[in-house]
Each structure stands twice: as C-alpha cells, then as structure tokens.
Amino acid sequence: MLHGVDDRTTTEAQLMASELVTNAVAHGRGSTELTIGATRPGAYRIQVTDRGGTLDPAGWSGSGQQREHSVGSWGLNLVETLSSRWGVETTEDRTNVWFEIEPASPDDN
C-alpha cells in the first residue's frame, strides 16, 4: 500500500506498474527494474527501466489512436488514462517508462 493513497488509486497504480513491467519483459533486453518514489505527500512516481532503448515515444500517438485495430498494446493507453502524467526517457541502451499518481482533490469525492 502506498502511504496516503486511497485503495482505488493504489489498485490502479498496481495495474499500471504491471502493464509497464509486462512491456519491459516482453520488449526489453536483460533485467527490468521497478522504482517507486514519493514526489510529495501522497504523490508517487513509479518507473520501470529495461535495457531496451527501443521505445520511440514519438511513435505512440496516445489515446489508443495508433492501436485502434490492434489486439494488443493497450497498456500505454491505460497508463495515459489512469495516471496524473506519464512519460518515456530513452538512451542508447535503456528505456525508462514512468507515471505519476497524485492524491485526489476534494472535488473528486
């Protein structure tokens, strides 16, 4: 459980992390690393790093548009929908895909 995060958001974070780890194992090379860090009270950044260096963030159009008729590859659409924000950082030999969750605002209740 993430400190200061409600059960629904925790469950969504687990699902998003599972999606990113699955992508890293399926498409990366070598080891996969999951990192969770607090960005402020009740807010977290979850990052998955693999040895791929092959995900081109410009090639993914978001909102599922690129994958409209595809059977798979909906994980990033799910991350985009459920997270506060997300992103991809690539180097020659690494891919870092991350998302952030934030506490619900009082208006969300």
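What counts, and where the lines are drawn
- Residues numbered from 1 in each chain as written.
- Predicted model: local features only at pLDDT ≥ 70, side-chain atom pairs only at ≥ 80, totals over all residues.
- Heavy atoms only, no water.
- Helix = DSSP H or I, 4+ residues; strand = E, 2+ residues; numbered from the N terminus.
- Buried < 20%, exposed > 50% of the residue type's maximum accessible area, 1.4 Å probe, protein only.
- Contact = heavy atoms within 4.5 Å.
- Areas by Shrake-Rupley, 256 points an atom, 1.4 Å probe, with all protein chains shown as cover.
- Axes fitted to C-alpha atoms, helices over the stretch in contact; angles between N-to-C directions.
- Parallel < 35°, antiparallel > 145°, perpendicular 65-115°, else oblique.
- Left-handed = near helix turned anticlockwise from the far one by under 90°.
- Nonpolar A, V, L, I, M, F, W, Y, C, P; charged D, E, K, R; others polar.
- Pairing = 2+ DSSP bridges.
- Expected span 1.5 Å × (residues − 1).
- Arc of directions from axis to C-beta.

A. Layout of the overall build of the protein chain. What the protein chain contains, in helices and strands, is two helices and four strands. Overall, the protein chain shows an N-to-C arrangement of helices and strands of α-β-β-α-β-β. Classification of the 109 residues of the protein chain by burial places 33% in the buried group. Taking the contacts inside the protein chain whose residues are at least 6 apart along the sequence as the reference set, 55% of them involve residues at least 24 apart. Within the structure as shown, the protein chain displays about 6800 Å² of accessible surface, and the carbon and sulfur contribution to it stands at 49%.

B. Seen up close, the packing of helix α1 (residues 7-27) against helix α2 (residues 75-82). Between α1 and α2, the shortest axis-to-axis distance is 9 Å and the interhelical angle comes to 150 degrees. Comparing the axis directions of α1 and α2 gives the class roughly antiparallel. Of the two elements, α1 crosses α2, and the hand of that crossing is left-handed. Mapping the contact onto sequence places Glu12, Leu15, Met16, Glu19, Leu20 and Asn23 in α1 and Gly75, Leu76, Leu78, Val79 and Leu82 in α2. The residue makeup of the contact of α1 with α2, split by class, is seven nonpolar, two polar and two charged.

C. Representation of the sheet that holds strand β2 (residues 43-50) within the structure. What the four strands build is an open sheet, ordered β1-β2-β4-β3; its pairing is antiparallel. Both outer strands of the open sheet, β1 (32-40) and β3 (85-90), are each paired with one neighbouring strand and no more. Going across the sheet, the axis of each strand differs from the next one's by a mean of 15 degrees, ignoring polarity. Pairing of β3 with strand β4 (residues 95-101), which is carried by six bridges, proceeds in the antiparallel orientation. Each residue of the ladder has a partner; that of Arg85, found in β4, is Glu100.

D. Spotlight on α1. Across its 21 residues, α1 extends 30 Å between first and last C-alpha, which sits within 8% of the 30 Å expected from 1.5 Å per residue. Of all the residues in α1, the buried ones are Thr9, Thr10, Glu12, Ala13, Met16, Ala17, Leu20 and Ala24. With its buried residues spanning 160 degrees around the axis, α1 presents them on a single face. In α1, the exposed positions that point more than 90 degrees away from the buried face belong to Asp7, Arg8, Thr11, Val25 and Ala26. Looking at the buried residues of α1, the elements they touch are β1, β2, α2 and β4.

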